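Residues per chain are reported as follows:
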Amino acid sequence: MSRHAEAVIDLAHFRHNYQVAKTYAGSARVLAVIKANGYGHGAIQLAKALPAADAFGVACLDEALELRAAGVTQPILLMAGFFDVAELPAILAHQLDLVIHSCEQVDALLAFRPSAPSANALKLWLKLDSGMRRLGLAPEAFRCAWRRLRACSLVGEVRLMSHLASADVPGDPFVAEQISSFDAATAGIDGLVSLANSAALVALPQARRAWVRPGIMLYGASPFAVPHAIAAELRPVMTLRAKLIATREISAGESVGYGQTWRAGQPSRVGTIAIGYGDGYPRHARSGTPVLVNGRRATLVGRVSMDMLTVDLTAVAAARTGDTAILWGAGLPATEVAAWADTISYELFTGVNRRVEFLYTAGG
Ligand SMILES: *Cc1c(COP(=O)(O)O)cnc(C)c1O
């Protein structure tokens, strides 16, 4: 592509991060969460790179069908289950596993009559609302649903799951409340349990049950907003890079970009990089956000435009038109850039759009 805005996806790093997750998981099985096109990295390429994954998790049927069509044979979990009963024939045909999170889903599933008899065909992950208040059944409804689903001939295994609201905040007491609510609500109910996302997998041994569900850590980003040792164990999978297409010297007091939001305090060298919010770089990144130019730290100055952004190159005096800038990835954690834009790495990754060319490497 002529602009050379590129996302280099390192599949060896993805595999490394999966191994890190495996190590934390111990004897637990690992469902690799690759919803939203693998957090924007390319779900098919990631799934193909991970034949050892115990299972994959996606947001909806379309995402799962794309993987099946590409030849992915591992278990795939639809993490919000079905949105419409019309999806059930395809779910059965492609052997997809379902989260069941509401009474409406339970009723619809029990009323469903497949065209061909398919005993024990469905594997379900019954979701308890243990305090997130987003998806999941209340404790009484959960017990009742479990009994009814276990009695349904279409249903094979029923697993038990919940999602934690504050696992990414070390020391947050709500985590323990949710886990004890879960244990109380599921006491005496038989089934493999899953509670942990990346943050819980890393930080909360009591949340590591039969299955864990890491997402963000597989992409090499720390799940925590505060500095955490896990960051050093992970390797960035996506490196977003673009080209320096112009440089200029400006005088003290001159402004750069729309709205004149940044002014040079001293004579400065300013570079223009061909990537902007139209590619998925966050427009709200503030002046001061780090950008690597030729491997050295420069800082974003002025507002991000649709197709370009500007940096203060005073500290990278040798930089020339045609040189490469890294917006995040190798040498510059996405988590750090995200903080400058008041967001999280998840949003940066999923925001990178099709204007950016994706290049896959197994380089390591
Ligand atoms: C997205 C998601 C995960 C993965 O979360 P990370 O923070 O990316 O590890 C796990 N479980 C559920 C239910 C999710 O929706």
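As the structure is a computational prediction, the values presented were derived from the model and not from experiment.

Caption draft 1: Looking closely at the sheet that holds strand 4 (residues 76–78). Taken in spatial order, the eight strands line up as 2-3-4-5-6-7-8-9 and close into a barrel, and their pairing is parallel. Both strand 2 (residues 29–33) and strand 3 (residues 55–58) contribute to a ladder of three bridges, which runs parallel. Looking across to strand 3, one finds that Val-33 is bridged to Gly-57. Against the sheet, helix 4 (residues 61–69) touches strand 3 and strand 4, its axis set at about 165° to strand 4. Relative to the sheet, helix 7 (residues 139–150) contacts strand 5 (97–100), strand 6 (122–127) and strand 7 (155–161), its axis offset from that of strand 6 by approximately 175°.

Caption draft 2: Layout of the site of the ligand. With respect to spatial proximity, 13 residues lie near the ligand, and among them Lys-35, Tyr-39, Ser-198, Ile-216 and Tyr-346 are the closest. One nitrogen or oxygen atom from the side chain of Tyr-39 is found 2.5 Å from an oxygen atom belonging to the ligand. If the ligand stood free it would expose 380 Å²; the protein chains cover 91% of that surface. Among the residues making up the shell around the ligand, the classes are represented as six nonpolar, four polar and three charged.

Caption draft 3: Broad picture of the pattern of salt bridges. This model, assessed by the stated rule, comprises 15 salt bridges. Notably, a salt bridge pairs Arg-209 with Asp-183, separated by 3.0 Å at the nearest N-O pair. Linking Arg-209 in the loop between helix 9 (198–203) and strand 9 (211–212) with Asp-183 in helix 8 (residues 174–185), this pair joins segments that are 26 residues apart in sequence. Exposure remark for Arg-209: the relative accessible area of 23% places this residue in the partly exposed category. Residue Glu-249 pairs with Arg-269 through a salt bridge whose shortest N-O separation is 3.4 Å. Of this pair, Glu-249 sits in strand 10 (residues 238–250) while Arg-269 sits in strand 13 (residues 268–273); the two residues are 20 residues apart in sequence, bridging distant segments of the chain. Connected through shared salt-bridge partners, Arg-3, Asp-279, Asp-307 and Arg-355 make up one network.

Caption draft 4: Unusual backbone geometry, seen in detail. Positive phi, normally seen in glycine, also occurs at Asn-37, with a value near 55°. Mapped onto the elements, Asn-37 comes out in helix 2 (residues 35–39). Of note in this structure, Tyr-39 is not a glycine but carries a positive phi near 45°. When you line up the elements, Tyr-39 lands in helix 2.

Caption draft 5: Layout of the pairing of strand 10. As judged from the four bridges shared by strand 1 (residues 6–10) and strand 10, these two strands associate in the antiparallel manner. Bridging across to strand 10, Val-8 finds its partner in Thr-239. Two elements, strand 10 and strand 17 (residues 324–328), share four bridges in a ladder whose sense is antiparallel. Bridge assignment links Ala-242 to a residue of strand 17, and that residue is Ala-325. Direction of pairing for strand 10 relative to strand 13: antiparallel, over a ladder of six bridges. Looking across to strand 13, one finds that Leu-244 is bridged to Ile-273.

Caption draft 6: Up close: the side chain of Gln-178. Mapping Gln-178 onto the fold places it in helix 8. On the basis of relative accessible area, Gln-178 is assigned to the buried category, the value being 1%. Discounting residues that sit within four places of it in the chain, Gln-178 has contacts with Ser-130, Gly-131, Met-132, His-163, Leu-164, Ala-165 and Ser-166.

Caption draft 7: Structural context of the packing of aromatic side chains. Taken as a whole, this structure holds five aromatic pairs when the rule is applied. Relative to Tyr-219, the ring of Tyr-39 lies with its centre 4.6 Å away and its plane at 20°, an arrangement referred to as stacked. Of this pair, Tyr-39 sits in helix 2 while Tyr-219 is found in the loop between strand 9 and helix 10 (230–233), placing the two residues 180 residues apart along the sequence. Take Tyr-39 and Tyr-219: they sit in the same class, and that class is buried. Plain terms: the ring middles of Tyr-281 and Trp-328 are 6.1 Å apart, the flat faces sit at 20° to each other, and that makes the pair stacked. With Tyr-281 in the loop between strand 13 and strand 14 (290–293) and Trp-328 in strand 17, this pair connects stretches of sequence that are 47 residues apart. Look at Tyr-281 and you get buried, because its relative accessible area is 2%. What makes Trp-328 buried here is its relative accessible area of 0%.

Caption draft 8: Molecular detail of the nonpolar core. In terms of nonpolar packing, the biggest core is built from 120 residues, with Ile-34, Ile-273, Tyr-281, Val-293 and Trp-328 touching the most fellow members. Element by element, the count of residues in this core is highest for helix 1 (residues 11–25), at six residues. Leave out the neighbours within four places in its chain, and Trp-328 touches Met-238, Thr-239, Leu-240, Gly-280, Tyr-281, Pro-282, Ala-334, Val-337, Leu-348, Phe-349 and Val-352. Formed by six residues, the second largest nonpolar core is a distinct cluster that contains Ile-250, Val-256, Trp-262 and Val-270.

Cut-offs applied
Residues numbered from 1 in each chain as written. Predicted model: local features only at pLDDT ≥ 70, side-chain atom pairs only at ≥ 80, totals over all residues. Heavy atoms only, no water. Pairing = 2+ DSSP bridges. Helix = DSSP H or I, 4+ residues; strand = E, 2+ residues; numbered from the N terminus. Contact = heavy atoms within 4.5 Å. Axes fitted to C-alpha atoms, helices over the stretch in contact; angles between N-to-C directions. Near = heavy atom within 4 Å. Polar contact = N/O pair within 3.5 Å; in protein donor to acceptor, adjacent residues only side chain to side chain. Areas by Shrake-Rupley, 256 points an atom, 1.4 Å probe, with all protein chains shown as cover. Nonpolar A, V, L, I, M, F, W, Y, C, P; charged D, E, K, R; others polar. Salt bridge = Lys/Arg side-chain N within 4 Å of Asp/Glu carboxyl O. Buried < 20%, exposed > 50% of the residue type's maximum accessible area, 1.4 Å probe, protein only. Phe/Tyr/Trp six-rings, centres within 6.5 Å; stacked < 30°, edge-to-face > 60°. Core = buried A, V, L, I, M, F, W, Y, C linked by side-chain atoms within 4.5 Å.

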